[in-house]
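If you want the building blocks of each chain, they are given just below.
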Amino acid sequence: MGEKAYTPDEVAQIFQISKHTVYELIKRGDLQAFKIGNKMRIEQAELERFKENTKAPAKKSLSEPTETPCNPSQSIRLSGSHDFLVEHFAKQAATALYLQIQPSYIGSLEGLMMLYRGQCDIAAIHLLDPNSQEYNLPFIHQLFVYESILVLRLAARQQGFIVAKGNPKNIHDFPDLTRNDVQFVNRQKGAGTRFLLDSKLSSYGIDPSKISGYSKEEWNHLSAASHICRGMADVTFGIQSAASHLGLDFLPVAKEHFDLVFRFTSENKQSLTDLIQYLQSASFKDSLTDLEGYDISELGKITYQTSQTEETKTC
């Protein structure tokens, strides 16, 4: 008893990672935490356990590097927006291809910037350009000029209002968010969902400061929607599948494109080629269930590739 308990900020400093990565580790169950009020804390013993586990060879089948034909030590880093299909793809592909896939769900914009900086191999994004009203490609065209890039469609998703069963606050449109009796919970800056929300608010001429809870941010769809379950908020803006997972009501607003952006290098080209072929395979499509809120009719479709891409996609 009396053992020191650390904040997520302190843990981030100890391991030299971002605070948001700490929260992701907690969410995945890799790091055990407890709450004091609404503050998260991690005990010293748990930090020591986690430190030892990261030193030792991974024993989990999904994270253990296993020999592949071209690069036995390849580890693929996937960053960007959180999505249930992305989670499923990462787990299934890691098992099927004996790859080590390291996901980091930090938001669409930051994921794309990490890809641009060479800090990951795949970015998962759904970014609406407010000027063209086109998804993803305007941002990709601005950032990637000489790099070898390929963009694959994962799915189209329904975004809209997530509310309690029966919609007790009678929320139907964006002006309802400004009502005094409505409490909102938002997604973080840089999230694709936040891009879409802010674009809609702008088109309605709504000042975000008039929305109670606009500054309250969560880092994934389930975390935001869980506020509705617990009665801590009346509405959030998110994907239909999150509402379905938690038994909440959903009011559709927009259909968006969710894409995976692959950046080829001499080190990752064979692993990325294998991943693309797996995503386009019938076996992966057959593994997909519980697709409420998703349209996978264009799953695996190449929506953009640079001229350098074809020459890098062979081992």
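To be clear, the structure that these remarks concern was listed above.
These notes cover the structure that comes with them.

Cut-offs applied
- In every chain, residue numbers begin from 1 and rise along the written sequence.
- It should be noted that, the model being predicted, local features are given only for residues of pLDDT at least 70 and side-chain atom pairs only at 80 or more, the latter also being counted only at that level, while totals for whole chains, interfaces and linings use all residues.
- Values reported for side chains reflect all heavy atoms of the structure, with hydrogen atoms and water molecules removed beforehand.
- Counted as salt bridges are all cases of a side-chain nitrogen of Lys or Arg within 4 Å of a carboxyl oxygen of Asp or Glu.
- Per the convention used, a helix needs a DSSP run of H or I reaching at least four residues, while a strand needs a run of E reaching at least two, with both numbered from the N terminus.
- Remark: exposure states derive from per-residue accessible area (1.4 Å probe, protein chains only) relative to the maximum for the residue type, with buried under 20%, exposed over 50%, and partly exposed in between.
- Helices are assigned an expected span. That span is 1.5 Å times one less than the residue count.
- Polar contacts, as used here, are pairs of N or O atoms within 3.5 Å; protein pairs need one atom able to donate a hydrogen and one able to accept it. Residues neighboring in sequence count only if both atoms are side-chain atoms.
- Pairing of aromatic rings covers Phe, Tyr and Trp, the last through its six-membered ring, and needs centres within 6.5 Å; plane angles under 30 degrees mean stacked, over 60 mean edge-to-face, and all others mean tilted.

A short note on the pattern of salt bridges
Here is step 1: A complete count under the given rule lists 15 salt bridges for this structure.
Here is step 2: Where aspartate 83 meets arginine 157, a salt bridge forms, and the shortest distance between an N and an O atom there is 2.5 Å. Of this pair, aspartate 83 sits in the loop between strand 4 (75-80) and helix 4 (84-97) while arginine 157 sits in strand 7 (residues 148-163), placing them 74 residues apart in sequence.
Here is step 3: Note that glutamate 298 and lysine 301 form a salt bridge whose closest N and O atoms lie 3.4 Å from each other.
Here is step 4: Its relative accessible area of 43% is what places lysine 301 among the partly exposed residues.

Here we look at helix 4
Here is step 1: Over its 14 residues, helix 4 runs 20 Å from end to end, which matches the ideal 20 Å to within 8%, given 1.5 Å per residue.
Here is step 2: For helix 4, the set of buried residues is Phe84, Leu85, Val86, Phe89, Ala90, Ala93 and Ala94.
Here is step 3: For helix 4, the N-terminal capping position is held by aspartate 83, with its side-chain oxygen 2.7 Å away from the main-chain nitrogen of leucine 85.
Here is step 4: With its phi angle positive at about 55°, tyrosine 98 sits one or two positions after the end of helix 4.

What about the packing of aromatic side chains?
What describes a pair of aromatic rings is the distance from one ring centre to the other and the angle between the planes of the rings.
Here is step 1: With the rule as written, the count across this model stands at nine aromatic pairs.
Here is step 2: Each ring, one from tyrosine 116 and one from phenylalanine 144, has its centre 6.0 Å from the other, and the planes form 70°; the classification is edge-to-face. Note that tyrosine 116 is positioned in helix 5 (residues 108-116) and phenylalanine 144 in the loop between helix 6 (137-143) and strand 7, a separation of 28 residues in sequence.
Here is step 3: Judged by relative accessible area, phenylalanine 144 falls into the buried class, the value being 3%.
Here is step 4: Note on tyrosine 278 and phenylalanine 284: the rings are 5.6 Å apart at their centroids and 55° apart in plane angle, and the pair reads as tilted.
Here is step 5: With relative accessibility at 11%, the residue tyrosine 278 sits in the buried group.
Here is step 6: Taking the relative accessible area as the measure of exposure, phenylalanine 284 reaches 1% and is therefore buried.

Treat this as a map of the structure, not an account of what it does.
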